[in-house]
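Here is how the chains run, residue by residue.
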Amino acid sequence: ESIVRMQGLSKVYPNGTVALQEVNLNLTKGEFVSFVGPSGCGKSTIFKLITGLSEPTSGRLEILGKSPKDARKDNGTAFVFQEHTLLPWTSVIENVMLPLKLRGDSKKSCREEAERVLELVGLKDYTKALPRMLSGGMKMRVSIARALVSKPKLLLMDEPFGALDEITRQTLQDELLAIWEQEKSMTVLFVTHNVFEAVFLSTRVVVMTPRPGKVSDIIPIDVSFP
Ligand code: ADP
Ligand code: ADP
């Protein structure tokens, strides 16, 4: 099942900056894909196109077999950003229920689904807490729960752990992998400039280079840790 299909996808900004040139990429169901590359290589641009926030200049882009905007409207895609977009003075569970309330689900099912995903991220004892009072790692867990609550087929994460300390980052990486393994059919697209993070998390790594022809090969070698 095709989740993301890009064919000759290009983005040129009005000022003439070529952010993406003729990108071809097919991603199928259930993959965990990281996009890695230096700042300015087009990672945000690719995400803006996938989410329908920006229009390609040329080429084709299909998400879940639809236009990016339709995929978003149908709750097919969900996002997690580095900066938390939680309502600081609204309880954790209300924050998580929001996407379901907006689409008109019943109160009972909003609450049940929110409780399910809060348990998944280890926050079932924090449903009444205010995001304002939580640590960065806890707020990130709430953001992840809110993204998962609508059961997206495609979860997009843009440098989600970039602002966290190393220990919290590692814990959340492990948790995210456990969640992805549990929600078997969910595809994750993960943007990072941290190569180690990409390699640790992903089934596929997309390397974006701003210097065409420079990287001629990427060689994965399997190693096992004691
Ligand atoms: P990354 O997320 O990897 O840092 P971006 O997608 O933000 O890369 O940027 C890719 C290129 O496009 C960069 O050269 C950047 O300066 C340029 N760019 C991004 N957004 C715009 C914009 N709105 N207008 C003009 N140039 C842009
Ligand atoms: P478009 O509507 O062409 O897809 P965006 O929505 O990505 O463009 O543009 C977001 C804003 O970022 C624009 O208003 C633009 O002025 C601003 N911007 C301009 N140059 C850059 C740049 N080099 N990097 C990031 N953002 C930029």
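Residues numbered from 1 in each chain as written. Chains lettered and ligands numbered in written order. Predicted model: local features only at pLDDT ≥ 70, side-chain atom pairs only at ≥ 80, totals over all residues. Heavy atoms only, no water.

With an unreviewed UniProt entry as reference, the chain is termed ABC transporter ATP-binding protein, source organism Paenibacillus albus.

Asker: Is there a simple way to think about the site of ligand 2 in this case?
Answerer: If you check the shell around ligand 2, you find Lys-11, Tyr-13, Pro-14, Lys-48 and Ser-54 and nothing else. The side chain of Lys-11 places a nitrogen or oxygen atom 3.0 Å from an oxygen atom of ligand 2. Measuring from an oxygen atom of ligand 2, one finds a side-chain N or O atom of Ser-54 at 2.5 Å. For ligand 2, the accessible surface in isolation is 570 Å², of which the surrounding protein chains cover 28%. By residue class, the composition of the shell around ligand 2 is 2 nonpolar, 1 polar and 2 charged. (Near = heavy atom within 4 Å. Polar contact = N/O pair within 3.5 Å; in protein donor to acceptor, adjacent residues only side chain to side chain. Areas by Shrake-Rupley, 256 points an atom, 1.4 Å probe, with all protein chains shown as cover. Nonpolar A, V, L, I, M, F, W, Y, C, P; charged D, E, K, R; others polar.)

Asker: How should unusual backbone geometry be read in this particular structure?
Answerer: Peptide bonds are trans in most cases, and residues, glycine excluded, mostly fall at negative phi. At Leu-64, a residue that is not glycine, the phi angle is positive and equals roughly 55°. In this structure, Leu-64 sits in the loop between strand 4 (58–63) and helix 2 (68–73). Residue Lys-151 is not a glycine yet carries a positive backbone phi of 50°. (Helix = DSSP H or I, 4+ residues; strand = E, 2+ residues; numbered from the N terminus.)

Asker: Would you mind showing me how to read the sheet that holds strand 3 (residues 32–36) here?
Answerer: Strand pairs in the sheet, formed through backbone hydrogen bonds, run parallel or antiparallel to each other. Taken in spatial order, the 5 strands of this open sheet run 5-6-7-3-8, and their pairing is parallel. Either end of the sheet is taken by a strand with one partner, and the two such strands are strand 5 (77–81) and strand 8 (204–207). Averaged over all adjacent pairs, the angle separating strand axes in this sheet is 15°, with direction ignored. Pairing geometry for strand 3 and strand 8, over 4 bridges, is parallel. Residue pairing across strands places Ser-34 opposite Val-205, the latter belonging to strand 8. Where helix 1 (residues 43–50) meets the sheet, its contacts fall on strand 3, strand 6 (154–158) and strand 7 (187–192), and the angle it forms with strand 7 comes to roughly 150°. (Pairing = 2+ DSSP bridges. Axes fitted to C-alpha atoms, helices over the stretch in contact; angles between N-to-C directions. Contact = heavy atoms within 4.5 Å.)

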